[in-house]
Amino acid sequence: MKSSKFFLRSIVTAGFLLTELLPSGAQGLPEPKEIVRKAMQAELSADLNDHSRWKYRDAQKDGTDTVSIVVETDHGSVKRLISKNGRSLNGSEIGIEDARVQTFIHDPGQIAKQKRWSAGRQEC
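Please read these numbers as outputs of a predicted model, since none were measured by experiment. (Residues numbered from 1 in each chain as written. Predicted model: local features only at pLDDT ≥ 70, side-chain atom pairs only at ≥ 80, totals over all residues. Heavy atoms only, no water.)

## Brief notes about the overall build of the chain
Here is the rule: Secondary structure counts use DSSP, requiring at least four H or I residues in a row for a helix and at least two E residues in a row for a strand, with both numbered from the N terminus. Buried, partly exposed and exposed residues are distinguished by accessible area as a fraction of the type maximum, computed with a 1.4 Å probe on protein chains only: under 20%, between the cut-offs, and over 50%, respectively. In this description, contact between two residues means that some pair of their heavy atoms is separated by no more than 4.5 Å.
On a plain count of helices and strands, the chain comes out with four helices and four strands. Helices (α) and strands (β) of the chain occur, in sequence order from the N terminus, as α-α-β-β-β-β-α-α. Evaluated residue by residue, the chain yields a buried proportion of 19% over its 124 residues. The contacts of the chain with a sequence gap of at least 6 include a subset with a gap of at least 24, amounting to 21%.

See below:
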């Protein structure tokens, strides 16, 4: 999503530059403002229709030295711990983590709480 915002800003900047450089209606070309408007509409539409999901590793080096796998879904992100203090989880830790993930994905209250938290971060 960051790259599409960068692209949108680039198009808008180019459009403003064209507005200053070309006389209005020069040689039957479309108005620069119209080019920018169409580009902005295309980018905003693409952003609204982007249903791609991500899976990534999240490494925390804040004293806990943990690595998790995060998977985005339609209902929010699910994070699963895979290593702690530089070592993979043992059998009982895997069981605890599996139970935690199962509890999370079947609890609408926790999912709603995560959505509210995520929405608050995006507004910043």
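## Here we look at helix α3 (residues 91-105)
Here is the rule we go by: Given a helix with a known number of residues, its expected span is that number minus one, times 1.5 Å. Along the arc lie the directions from the helix axis toward the C-beta atoms.
In a regular helix each residue adds 1.5 Å, so 15 residues correspond to 21 Å; α3 covers 21 Å between its end C-alpha atoms and thus fits that length. Turning to α3, its buried residues number three or more, namely Glu93, Glu97, Val101 and Phe104. Along the long axis of α3, the arc covered by the buried residues comes to 70°, so they all point the same way. Exposed and oriented more than 90 degrees from the buried face of α3 are Gly91 and Ser92.

## Thoughts on the side chain of serine 68
Its location among the elements puts serine 68 in strand β2 (residues 66-73). If near-sequence neighbours (up to four positions away) are discounted, serine 68 is found in contact with Tyr56, Arg57, Asp58, Lys79, Arg80, Leu81 and Ile82.

## Side note on the sheet that holds strand β1 (residues 55-60)
For the record, the criterion: A pair of strands is treated as paired once DSSP finds two or more bridges between them. Axis definition: a line fit to C-alpha positions, over the contact stretch in the case of helices; interaxial angles, taken between N-to-C directions, run 0 to 180 degrees.
The four strands are arranged β1-β2-β3-β4 in an open sheet whose pairing can be described as antiparallel. Edge strands, defined here as strands with exactly one partner in the open sheet, are β1 and β4 (87-88). As paired strands, strand β3 (residues 76-84) and β4 are joined by two bridges and run antiparallel to one another. Opposite serine 83, over in β4, you have serine 88 as the bridge partner. Of the strands in this sheet, β3 and β4 touch α3, which is tilted by about 175° from β3.

## Quick notes on the pattern of salt bridges
Inclusion rule: The term salt bridge refers to a pairing of a side-chain nitrogen on Lys or Arg with a carboxyl oxygen on Asp or Glu at a separation within 4 Å.
One pass over the structure, following the stated rule, counts seven salt bridges. In this structure, lysine 61 and aspartate 65 form a salt bridge, with 3.0 Å as the shortest nitrogen-oxygen distance. Residue class for lysine 61 comes out exposed when judged on its relative accessible area of 65%. Of the residues examined, aspartate 65 reaches a relative accessible area of 26% and is grouped as partly exposed. When the shortest N-O distance is used, the salt bridge between glutamate 93 and arginine 87 registers 3.1 Å. Here the salt bridges share partners, and the residues they tie into one network are Lys84, Arg87 and Glu93.

## Re the environment of valine 78
Relative to the helices and strands, valine 78 is located in strand β3. Since its relative accessible area comes to 18%, valine 78 is described here as buried. Linking valine 78 and phenylalanine 104, residues 26 residues apart in sequence, is a C-alpha distance of 8.2 Å. Dropping the residues within four chain positions of it, valine 78 is found in contact with Ile69, Val70, Val71, Thr73, Val101, Phe104 and Ile105.

## Let's talk about helix α2 (residues 32-48)
Its 17 residues give α2 an end-to-end C-alpha distance of 24 Å, which sits within 8% of 24 Å, the value for a rise of 1.5 Å per residue. Burial in α2 covers these residues: Pro32, Val36, Ala39 and Glu43. For α2, the angular spread of the buried residues around the axis is 65°, confining them to a single face. Exposed positions of α2 whose direction lies more than 90 degrees from the buried face are Lys33 and Leu48.

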